[in-house]
Number of protein chains: 2
Amino acid sequence: MSTIITIGRSFGSGGGFIGQAVGKKLGIPFYDNELISKVAEESGYSKSLFADGEERRSLFSMSSFFSTSRLGVIDSGYVNDNVMFKIQSEVIRSIAEKGDAVIIGRCADYILRDYKCLSVFISAPEEYRIQRLMKEEGLSEDDAEKLMRRKDRTRQTYYNYYTFGDWGQASNYDLCLDSSVLGIDGTADYIIDFGRRAGLIK
Amino acid sequence: MSTIITIGRSFGSGGGFIGQAVGKKLGIPFYDNELISKVAEESGYSKSLFADGEERRSLFSMSSFFSTSRLGVIDSGYVNDNVMFKIQSEVIRSIAEKGDAVIIGRCADYILRDYKCLSVFISAPEEYRIQRLMKEEGLSEDDAEKLMRRKDRTRQTYYNYYTFGDWGQASNYDLCLDSSVLGIDGTADYIIDFGRRAGLIK
């Protein structure tokens, strides 16, 4: 059995670092947005996504089953987003099928809902996240707050659009944690402990 | 330092049983809706709530600060609900001030937001909850599902109205758990472990 852990997170909660720590502690690969894009690129996906002419048209026909969009509007932007989501979903499934993985964001909990995996969501109080962003990114308090709200809104919209779900709602996940209580390392240890108790981590 | 644990829960998730198990394992009192009402009654609250005439009028003036209701409508029903919430809040605060406690539901996480306590939310997949309700309450599948949806809606409406928050949203709580993964006893043990790691349980 593979160990698959998906981690969703509110912006600035340190969820990415926690995922990295979980991967490191367990000695298993960790995939964030950048690495998922890289895997997609290596599979020859991204190249065609940004192609013109013939390739572009074939992509449009490839995404024809999205024509009953929930928004009722199809323009090249939506089609592109939908194609991108389909590609990312395929990449995430191929990662899960290859073996152990910690996967951050990208609706991985939803994409892998039929796989045996541990799904986690990391949040933290707004003041804590703003302080972290000020320190980590060297932002002013005002900029940190604006960035946090904008990024949270983007993640929520993305998740809710593709999963028909409710981002950050406890009922979507096996385990949700406020990272400010146990910190990055302590939260990673506690997630691993849950996975072991649940028999989801070897 | 007292050990205060608040537990919110979706209907049929076993959150009440988990809270009871946590209280038992730690040897500290457990309060559910029934016990909170009993404490209120012993404090002489409930009696006056259901009183007529003078007492009723004094209750109305007592609740005059609710006159800018969020709904913009004040009728005796709303006033009564608001008074009831205020009384319950006072009872919950007095329980927390008295010492160790596990408190189930009643927006206790929100009411005690300025206290040092561990706030937990318990959910579980719908199919699991329906199965539990069929077994525990001897209901048909259809009745179990209807009851679950109705009770969830009531809890959500109540919580969101009084806390201005979003019931079951991970960011409200320190820790959220799907009770179907570790079961009643295993989930109780895991909550206690979190509280100990966080220094919130003696």
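Residues numbered from 1 in each chain as written. Chains lettered and ligands numbered in written order. Predicted model: local features only at pLDDT ≥ 70, side-chain atom pairs only at ≥ 80, totals over all residues. Heavy atoms only, no water.

Draft legend 1. Up close: the overall build of chain A. What chain A contains, in helices and strands, is nine helices and five strands. Put simply, chain A runs from its N terminus to its C terminus through helices and strands in the order β-α-β-α-α-α-α-β-α-β-α-α-β-α. Buried positions account for 48% of the 202 residues belonging to chain A. Partitioning the intrachain contacts of chain A with sequence separation of at least 6 by distance along the chain shows that 70% fall at a separation of at least 24. Looking at chain A as shown, the accessible area adds up to about 10000 Å², and 49% of this sits on carbon and sulfur atoms. (Helix = DSSP H or I, 4+ residues; strand = E, 2+ residues; numbered from the N terminus. Buried < 20%, exposed > 50% of the residue type's maximum accessible area, 1.4 Å probe, protein only. Contact = heavy atoms within 4.5 Å. Areas by Shrake-Rupley, 256 points an atom, 1.4 Å probe, with all protein chains shown as cover.)

Draft legend 2. Quick look at the sheet that holds strand β2 (residues 30-31) of chain A. Read across the open sheet, the ten strands follow the order β2(A)-β3(A)-β1(A)-β4(A)-β5(A)-β5(B)-β4(B)-β1(B)-β3(B)-β2(B); overall the sheet is mixed. Bordering the open sheet on either side are β2 of chain A together with β2 (30-31) of chain B, each of which pairs with just one other strand. Bridge count for strand β1 (residues 4-9) of chain A against strand β4 (residues 118-123) of chain A is five bridges, and the pairing is parallel. Across the sheet, A:I7 pairs through a bridge with A:V120, a residue of β4(A). Its contacts with the sheet put helix α9 (residues 179-197) of chain A on β4 and β5 (175-178) of chain A together with β5 (175-178) of chain B, and the angle it makes with β5(A) is roughly 160 degrees. (Pairing = 2+ DSSP bridges. Axes fitted to C-alpha atoms, helices over the stretch in contact; angles between N-to-C directions.)

Draft legend 3. Examining helix α1 (residues 15-26) of chain A more closely. Over its twelve residues, α1(A) extends 16 Å from the first C-alpha to the last, a length consistent with the 16 Å expected when each residue adds 1.5 Å. Its buried side turned inward, α1(A) meets β1, β2, β3 (101-104), β4 and α9 of chain A. (Expected span 1.5 Å × (residues − 1).)

Draft legend 4. Region of the structure containing the pairing of strand β1 (residues 4-9) of chain B. Residue and element names in this part refer to chain B. The buried count for β1 comes to six of six residues, which makes it a mostly enclosed element. Because side chains alternate across β1, one face comprises the buried residues I4, T6 and G8, and the other comprises I5, I7 and R9, equally buried. Inspection of the sheet shows β1 paired to strand β3 (residues 101-104) by four bridges, in the parallel sense. Directly across from I4, in β3, lies its bridge partner A101.

Draft legend 5. Seen up close, the relation of the copies chain B and chain A. Of the transformation placing chain B onto chain A, the axial shift is 0.0 Å and the rotation is 180 degrees, giving an RMSD of 0.0 Å. Accordingly, the operation relating the two chain copies is best matched by a two-fold axis. A share of 100% of interface residues in chain B that are also interface residues in chain A marks the association as one of identical surfaces. (Least-squares fit on C-alpha atoms with pLDDT ≥ 70 in both.)

Draft legend 6. The arrangement of the confidence of the model for chain A in detail. With 83% of its residues at a pLDDT of at least 70, chain A reaches an overall mean of 86. In this model residues 50-75 of chain A is a low-confidence stretch, pLDDT under 50, and it forms 28 contacts with partners more than four residues away in sequence or in other chains. (pLDDT = per-residue confidence, 0-100.)

Draft legend 7. A look at the packing of aromatic side chains. Across all of its chains, the model carries 15 aromatic pairs over all chains by this definition. Joined through ring pairs, the aromatic side chains of A:F85, A:Y158, A:Y161 and A:Y162 make up one cluster. Across the ring face of B:Y158, the terminal group of B:R106 is positioned such that the distance to the ring centre comes to 5.0 Å. Directly above the ring of B:Y110 sits B:R113, whose terminal nitrogen or CZ lies 4.0 Å from the centroid. (Phe/Tyr/Trp six-rings, centres within 6.5 Å; stacked < 30°, edge-to-face > 60°. Lys NZ or Arg CZ within 6 Å of the ring centre and 35° of its normal.)

Draft legend 8. The interface of chain B and chain A, seen in detail. Across the contact, 24 residues belong to chain B and 24 residues belong to chain A. Summed over the three residues of chain B that lose the most area to chain A, namely B:Y190, B:F194 and B:R197, the buried surface amounts to 29% of that side. Taken together, chain B and chain A are joined by two salt bridges. A salt bridge links A:D193 to B:R197, with the shortest nitrogen-to-oxygen separation between them at 2.9 Å. Summed over the shared surface of chain B and chain A, the number is twelve residue pairs in polar contact (both at pLDDT 80 or more). Elements with a contribution of two residues or more to the side of chain B that touches chain A: β4 (118-123), β5 and α9 (179-197) of chain B. Counting residues per element, the side of chain B that touches chain A draws most heavily on α9(B), which supplies nine residues. A class-by-class count of the residues in the side of chain B that touches chain A yields 13 nonpolar, five polar and six charged. The sheet contact formed by β5(A) and β5(B) spans three bridges and is antiparallel. Within the sheet, the bridge partner assigned to A:L175 lies in β5(B) and is B:L177. (Buried area = accessible area lost by both parts, 1.4 Å probe. Salt bridge = Lys/Arg side-chain N within 4 Å of Asp/Glu carboxyl O. Polar contact = N/O pair within 3.5 Å; in protein donor to acceptor, adjacent residues only side chain to side chain. Nonpolar A, V, L, I, M, F, W, Y, C, P; charged D, E, K, R; others polar.)

Draft legend 9. Fine view of the pattern of salt bridges. Residues and elements named next belong to chain B. By the definition in use, this model includes 22 salt bridges over all chains. For the salt bridge of K86 with E90, the shortest nitrogen-to-oxygen distance reads 3.0 Å. Of this pair, K86 and E90 both sit in helix α5 (residues 76-98), four residues apart, roughly one helical turn. K86 sits in the partly exposed class, given a relative accessible area of 23%. Since its relative accessible area comes to 26%, E90 is described here as partly exposed. In this structure, D100 and K202 form a salt bridge, with 3.0 Å as the shortest nitrogen-oxygen distance.

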